[in-house]
Amino acid sequence: MRLIRIVFAGVLCLILSVNLTNAQKPIYLDVNQPIEKRVDQALSLMTLEEKVAMCHAQSKFSSKGVPRLGIPEVWMDDGPHGIREEVYWDKWSGAGWTNDSCTAFPALTCLAASFNSQMAFNYGTIIGEEARYRNKNVLLGPGVNIYRTPLNGRNFEYMGEDPYLSSRMVVPYVQGVQQNSVAVCVKHFALNNQETNRMGVNVMVSDRALNEIYLPAFKAAVTEGKAWSIMGAYNQLRGQHCCHNDLLLNKILKGEWKFDGVVISDWGGVHSTDEAVTNGLDLEMGTSTNGLTTDGTAPYSEYYLANPFLRGLKSGKYAETAVNEKVRRILRLIFRTTMSANRPFGKFVSPEHSETARKIAENGIVLLKNDKQLLPLLVGKYQKIAVIGENSTRSLVIGGGSSSLKVAYEVSPLEGFLKKYGKEHILYSKGYMSNDNDNKKINPTSQYSDSLLSAAVEVAKKADVVLFVGGLNKNFLQDSEGDDRKTMDLPYNQDKLIAELVKVNKNFTVILCSGNAVSMPWLSDVKAIVQGWYLGSEAGNALANVISGEVNPSGKLPFTFPKKLEDNAAISFGKTSYPGVNDNEEYKEDILVGYRWFDTKKITPLFPFGFGLSYTTFEYGKIATDKKEYTADETIKVSFTLKNTGKTDGSESVQVYASQLKATLYRPAKELKAFKKIFLKVGETQTIEMQIAAKDLAFYNDKTQKWTLESGEYVLRNAASSADIKSSISIQIN
Ligand code: GLC
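So, here's what we can say about the structure.

Conventions used here
Residues numbered from 1 in each chain as written. Predicted model: local features only at pLDDT ≥ 70, side-chain atom pairs only at ≥ 80, totals over all residues. Heavy atoms only, no water. Near = heavy atom within 4 Å. Polar contact = N/O pair within 3.5 Å; in protein donor to acceptor, adjacent residues only side chain to side chain. Areas by Shrake-Rupley, 256 points an atom, 1.4 Å probe, with all protein chains shown as cover. Nonpolar A, V, L, I, M, F, W, Y, C, P; charged D, E, K, R; others polar. Buried < 20%, exposed > 50% of the residue type's maximum accessible area, 1.4 Å probe, protein only. Helix = DSSP H or I, 4+ residues; strand = E, 2+ residues; numbered from the N terminus. Pairing = 2+ DSSP bridges. Phe/Tyr/Trp six-rings, centres within 6.5 Å; stacked < 30°, edge-to-face > 60°. Disulfide = S-S within 2.5 Å. Arc of directions from axis to C-beta. Salt bridge = Lys/Arg side-chain N within 4 Å of Asp/Glu carboxyl O.

## Some words on the site of the ligand
- Around the ligand, the structure places 16 residues, and the nearest of them are Asp-78, Lys-187, His-188, Tyr-234 and Asp-266.
- The contact in question runs from an oxygen atom of the ligand to an N or O atom on the backbone of Gly-291, over 3.2 Å.
- Summarising the interface, the protein chains cover 100% of the accessible area of the ligand, which totals 310 Å² for the free molecule.
- Looking at the shell around the ligand, its residues break down into six nonpolar, three polar and seven charged.

## Details of the pairing of strand 26 (residues 712–721)
- Among the ten residues that make up strand 26, eight are buried, leaving the element largely enclosed by the rest of the structure.
- Summarising the sheet, strand 26 and strand 27 (residues 724–733) pair through nine bridges and their orientation is antiparallel. Looking at the pairing, Arg-717 lines up with Ser-728 of strand 27.
- Between strand 26 and strand 27, which pair antiparallel one after the other, the connecting turn spans two residues.

## Some details on the packing of aromatic side chains
- Summed over the entire model, instances satisfying the criterion amount to 28 aromatic pairs.
- The interplanar angle of 35° and the centroid separation of 5.3 Å between the aromatic rings of Tyr-123 and Tyr-173 together place this pair among those described as tilted. A residue pair is termed long-range when its members are at least 10 positions apart, and Tyr-123 in helix 5 (residues 117–133) and Tyr-173 in helix 6 (residues 163–178) qualify at 50 residues. The same class applies to Tyr-123 and to Tyr-173, which are both buried.
- Ring centres 5.7 Å apart and planes at 85° place the aromatic pair Tyr-595 and Tyr-657 in the edge-to-face group. Residue Tyr-595 is found in helix 19 (residues 595–600), and its partner Tyr-657 is found in strand 21 (residues 650–660); the two are separated by 62 residues along the sequence.
- For Tyr-595, a relative accessible area of 1% translates into the label buried.

## Structural notes on the state of the cysteines
- The full count for this structure, using the stated rule, is zero disulfides.
- Looking at the unpaired Cys-242, the closest cysteine sulfur is the one in Cys-243, lying at 7.2 Å.
- Using a relative accessible area of 0% as the deciding quantity, one classes Cys-242 as buried.

## Considering helix 2 (residues 35–45)
- Listing the buried residues of helix 2 in full gives Arg-38, Val-39, Ala-42 and Leu-43. The buried side chains of helix 2 occupy one side of the element, clustering within an arc of 125° when seen end-on.

## Brief notes about the pattern of salt bridges
- One pass over the full model with this rule turns up 51 salt bridges.
- Between Glu-325 and Arg-329 there is a salt bridge, with its nearest N and O atoms 2.6 Å apart. With Glu-325 and Arg-329 both in helix 12 (residues 320–336), this residue pair falls four residues apart, about one helical turn.
- You can call Arg-329 buried: its relative accessible area is 8%.
- Between Glu-652 and Lys-556 there is a salt bridge; the shortest N-O distance is 2.9 Å. A residue pair is termed long-range when its members are at least 10 positions apart, and Glu-652 in strand 21 and Lys-556 in the loop between helix 17 (539–547) and helix 18 (569–572) qualify at 96 residues.
- Overall, the relative accessible area of 6% leaves Glu-652 in the buried class.
- Lys-556 gets classed as buried once you look at its relative accessible area, which sits at 1%.

## Thoughts on unusual backbone geometry
- With an omega dihedral of 0°, the bond running from Leu-375 to Pro-376 counts as a cis peptide bond.
- The residue Pro-376 is located in the loop between strand 10 (366–370) and strand 11 (385–388) in this model.
- Cis geometry marks the peptide bond from Tyr-578 to Pro-579; its omega dihedral reads 0°.
- Mapped onto the fold, Pro-579 is located in the loop between helix 18 and strand 16 (584–586).
- A positive phi angle, near 60°, is found at Tyr-492, a position not held by glycine.
- Summarising the element assignment, Tyr-492 is placed in the loop between strand 13 (465–471) and helix 16 (494–504).

Everything listed here is a matter of coordinates, which is why it stays silent on function.
Written out as structure tokens, the structure is:
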């Protein structure tokens, strides 16, 4: 009997204790409960003040949680290619921490140039690990604004001129990041295609161009990548600021795309309480700053979504549902990140991160010219290799605005070449000099640059071959946030320097470190040209591997290099088209952006979209499809052979472009609809198979506001670039 009593008492205590802890532990704290239940319960326990406090910044890069309920703050950090150092609570400048020097990954133009979605997933994975390690809920990237002109200061942060390429590359990046319980913040939504007057410019663009060109990458990131947050852009669209734009945020993002994440403003992008409350903004950051230097004047309590919002809620001007809708999304973000069940530990500056960063860099470097097979410069082949140009030693991860990084290390091109070839075979000369930052208008005095030039010429004379490492840099008015370049020309007299150098040494390679197209008056005088991007911490190792032939280059251009600036679509329509007149700007080129313009207007570019050479050669077979006719819901299976007909193994990014022959609305000559990167050993042939959903051949009909796939004849072309068509086949859509 006694035993039974003891057992009964034990069981009773067990039941009570379980119930008690359940009663004690609110379900929103229970990481194994469904997120929506956790959101509902946390919301029901919050006061009005706590809800409003959650909707705006409390510091430069954080917003409030609810300490009383054990809900942590939300911490965000830049940027798309590395985790920015910790800054002061309320200042842009670095706080001097000793444990936040990150790995710098290649800028996103380089990732796009890899034409390799697997690289994008790997990229998201490792940058997500670094953000997780630094305990950030939100990574303020990736940027997917379309490359509309070669002058935009921030093109280097984005993925080029084609909406299909950007869409296919952004989805795996988002998935890679968010598997770390870190939210991406896809930016800048939308039409932020320039830095000039970025806070004021009011973009007028057709519904067709909006839907066919500027929204697809954002739509893919949200509907396929399931992005957990998105950043409103500084500019206006049709007279309403993008950070509180009814069309973009309510109708398209949250309506059509069913986005369930958080809309975060760009820093200083909010200008109205009424619009912020009703037009879809959830979290206001950086008010009264310019997102770069000004530290702002508005105290956090006076942000548009702070006291003004609270007063409006209390007076009944705003219904409480307005704040609940915002807080619900922010709670969801918190439960997906800092309070998620399976939050990994992250990693910071690990060997794997360096290895992956270098592979992405090697995959993105583009060989633009290689006359007489000057490259690769095999180790041991030349006694004296001259490395000339400031970008061979200058840090290219510092500067450029919010994407500037404090790095654990950065291998410069010169260091990479010294390691690869041995210092006894390397000569070096600075060649040209930029300013430390072009905010100051000083330019190096002419005799100083003459002496640099003549010293470089002397070095070039003594060398067997010359590696010129130049391009742009992250200075203001170069590849930098805050304003655009004023010309497509190389800065700091590099053209003159190159002209003088090739006079004394014909074995000349130009390596361009840049995120934008540049003019090349020396194009026919040099034997080789390499588009080297901004490659981050592993820059020197990646470049040395490609230049030496250890790695066969396989990158292809994600944007067109025009022969002259006026050949660019937006520029050709004058000031109202770019950069705008009296704040108003009209995208007059409409859907003809990038190669769409050059193809349709039959303008020959300097280097076309999708172009890139290899140290080997490839032969394309004739394109074939599995059927002749398709209905809208079917998938077109495309196939063709590819053979490595050269002397080294290598990878090739094949492309398929589609054209509609007789559309009721005008369409570009052709549009990229599939790409794939294939590795082939010497002599190897593979049959490549790709799929194109018939519905993806549709155009956006702005009369019916619907994507429209018309019956009729379409032509599919396989290509090595937008200007190098290998074969074509016509199909019928019914
Ligand atoms: C900047 C940029 C944005 C960045 C933010 C925080 O102005 O526009 O990309 O993430 O402010 O630095």
